[in-house]
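The lines below spell out each chain.
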Amino acid sequence: MGLTYGYDIYLRPRNVAKALANLAELAPPARRVPPLEVTLPDGERLVLPFTSHFMSEPVDCSTSSTLQLDTSIMFDVDDVLREYAKTGGPEPAADGRIQIGYVYATIRFESLLHPGYASVECWAATSGMSRLFARSPNIRRVFTDLTAASGGVCCLFDTGDGGPEQVCWLNGEITQEKVSGNRFPDWRALVATWPDPER
């Protein structure tokens, strides 16, 4: 079993469509798959440049609590990603961005931490990508910027091993706090800082 690192974004359910549209803007410009039509639980329809379970058949989430997406997104090159490209990774594109592989996204319409919030959990497909997720400031910035642009309240760096997770973005501010640390001794302490999801 390899490393499975990811970034988890928590947001109000009404902002899921906005988050998915923002995620779609990060896709490579040349699509190799047919567009995917997704119907969200509230009936809103989106067309995304991704697949679900590696298929492009329409997905209706009206009776589902989750949506699985196989995404490929672009990141601005930094020193970590430049070194990755030199050691066998893909070459950066002409616009200075790089595509590092599949990023699996699980959208939970009721998050595991708070049923009033949804989550967008973006996982690296390989151990090598997981290490990039941990080390690259630009990868982290993509997910904290996505949180901000989508009206999210929190972004976590999740190592998938049940250990303390790092809070990267909280209620409009970049931060580097650990859950199980002094400020957030447990998940309840973190979630207590989130505003009422109905507001």
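Scroll up for the structure.
Predicted, not measured: the structure shown is a model, and the values here were computed from it.

**Q** So what about the sheet that holds strand S4 (residues 59–60)? Which residues, and what values?
**A** On the basis of which strands lie adjacent, the open sheet formed by three strands has the order S3-S2-S4 and mixed pairing. Edge positions in the sheet fall to strand S3 (45–48) and S4, since each of these pairs with one other strand and no more.

**Q** Any chance you could break down the nonpolar core for me, citing the residues and the numbers?
**A** Counting residues in each nonpolar core, the largest one holds 49 residues, and the members touching the most others are Phe133 and Phe143. The biggest single contributor to this core is helix H1 (residues 16–24), with six residues. Dropping the residues within four chain positions of it, Phe143 is found in contact with Tyr7, Ile9, Ile73, Phe75, Cys122, Phe133 and Cys155. With twelve residues, the next largest nonpolar core counts Tyr117, Val153, Val191 and Trp194 among its residues.

**Q** Describe a nonpolar patch on the surface, with residues and values.
**A** Together, Phe54, Tyr102 and Tyr104 make up a nonpolar patch on the protein surface, roughly 300 Å² of accessible area in all. Within the fold, Phe54 resides in the loop between S3 and S4. Look at Phe54 and you get partly exposed, because its relative accessible area is 46%.

**Q** So, unusual backbone geometry: which residues are in play, and what are the values?
**A** Even without glycine at this site, His53 takes up a positive phi of about 55 degrees. Secondary-structure assignment places His53 in the loop between S3 and S4. One non-glycine residue, Ser180, adopts positive backbone phi at about 90 degrees. Here Ser180 shows up in the loop between strand S10 (173–178) and helix H5 (187–191). Owing to a relative accessible area of 52%, Ser180 belongs among the exposed residues under this scheme.

**Q** Any details on the sheet that holds strand S9 (residues 166–170)? Residues and values, ideally.
**A** Where strands meet in a sheet, backbone hydrogen bonds hold them as pairs that are either parallel or antiparallel. With antiparallel pairing, seven strands are arranged side by side in an open sheet as S5-S6-S7-S1-S8-S9-S10. Either end of the sheet is taken by a strand with one partner, and the two such strands are strand S5 (66–76) and S10. Across this sheet, the average inter-strand angle for adjacent strands is 25 degrees, counted without regard to direction. Here strand S1 (residues 6–11) runs beside strand S7 (residues 118–124); their pairing, made up of six bridges, is antiparallel. Bridge pairing in S7 links Leu11 to Ala118. Relative to the sheet, H1 contacts S1, S5, strand S6 (97–108) and S7, its axis offset from that of S5 by approximately 40 degrees.

**Q** So what about the side chain of Asn138? Which residues, and what values?
**A** With respect to the element layout, Asn138 can be found in helix H4 (residues 137–149). Judged by its relative accessible area of 11%, Asn138 falls in the buried class. The contacts of Asn138, once residues within four sequence positions are left out, are Phe75, Asp76, Val77 and Asp78.

**Q** Lay out the state of the cysteines with the relevant residues and their values.
**A** One pass over the structure, following the stated rule, counts zero disulfides. We note that Cys155 lacks a disulfide partner, and the nearest cysteine sulfur, in Cys168, lies 4.9 Å from it.

**Q** Describe the side chain of Ser130, and please don't skip the residues or the numbers.
**A** For Ser130, the location among the structural elements is in helix H3 (residues 127–135). The class of Ser130 is buried, set by a relative accessible area of 0%. Not counting residues up to four positions away in its chain, the partners in contact with Ser130 are Leu3, Thr4, Tyr5 and Ala124.

**Q** Tell me about the packing of aromatic side chains, and name the residues and values.
**A** On inspection of all chains with the given rule, the structure shows eleven aromatic pairs. Relative to Phe133, the ring of Tyr7 lies with its centre 5.7 Å away and its plane at 40 degrees, an arrangement referred to as tilted. You can see Tyr7 sitting in strand S1 and its partner Phe133 sitting in helix H3, a full 126 residues away along the chain. Residue Phe133 is classed as buried on the basis of its relative accessible area, which comes to 0%. Between Tyr7 and Phe157 the ring centres are 5.1 Å apart and the planes differ by 45 degrees, which places this aromatic pair in the tilted class. Taken as a pair, Tyr7 in strand S1 and Phe157 in strand S8 (residues 152–158) lie far apart in primary sequence, 150 residues in all. Here the two residues Tyr7 and Phe157 agree in accessibility, since each one is buried.

Cut-off values and rules
- Residues numbered from 1 in each chain as written.
- Predicted model: local features only at pLDDT ≥ 70, side-chain atom pairs only at ≥ 80, totals over all residues.
- Heavy atoms only, no water.
- Pairing = 2+ DSSP bridges.
- Helix = DSSP H or I, 4+ residues; strand = E, 2+ residues; numbered from the N terminus.
- Core = buried A, V, L, I, M, F, W, Y, C linked by side-chain atoms within 4.5 Å.
- Buried < 20%, exposed > 50% of the residue type's maximum accessible area, 1.4 Å probe, protein only.
- Contact = heavy atoms within 4.5 Å.
- Patch = residues over 30% accessible without salt bridge, like charges linked within 9 Å, V, L, I, M, F, W, Y side chains within 5 Å.
- Areas by Shrake-Rupley, 256 points an atom, 1.4 Å probe, with all protein chains shown as cover.
- Salt bridge = Lys/Arg side-chain N within 4 Å of Asp/Glu carboxyl O.
- Axes fitted to C-alpha atoms, helices over the stretch in contact; angles between N-to-C directions.
- Disulfide = S-S within 2.5 Å.
- Phe/Tyr/Trp six-rings, centres within 6.5 Å; stacked < 30°, edge-to-face > 60°.

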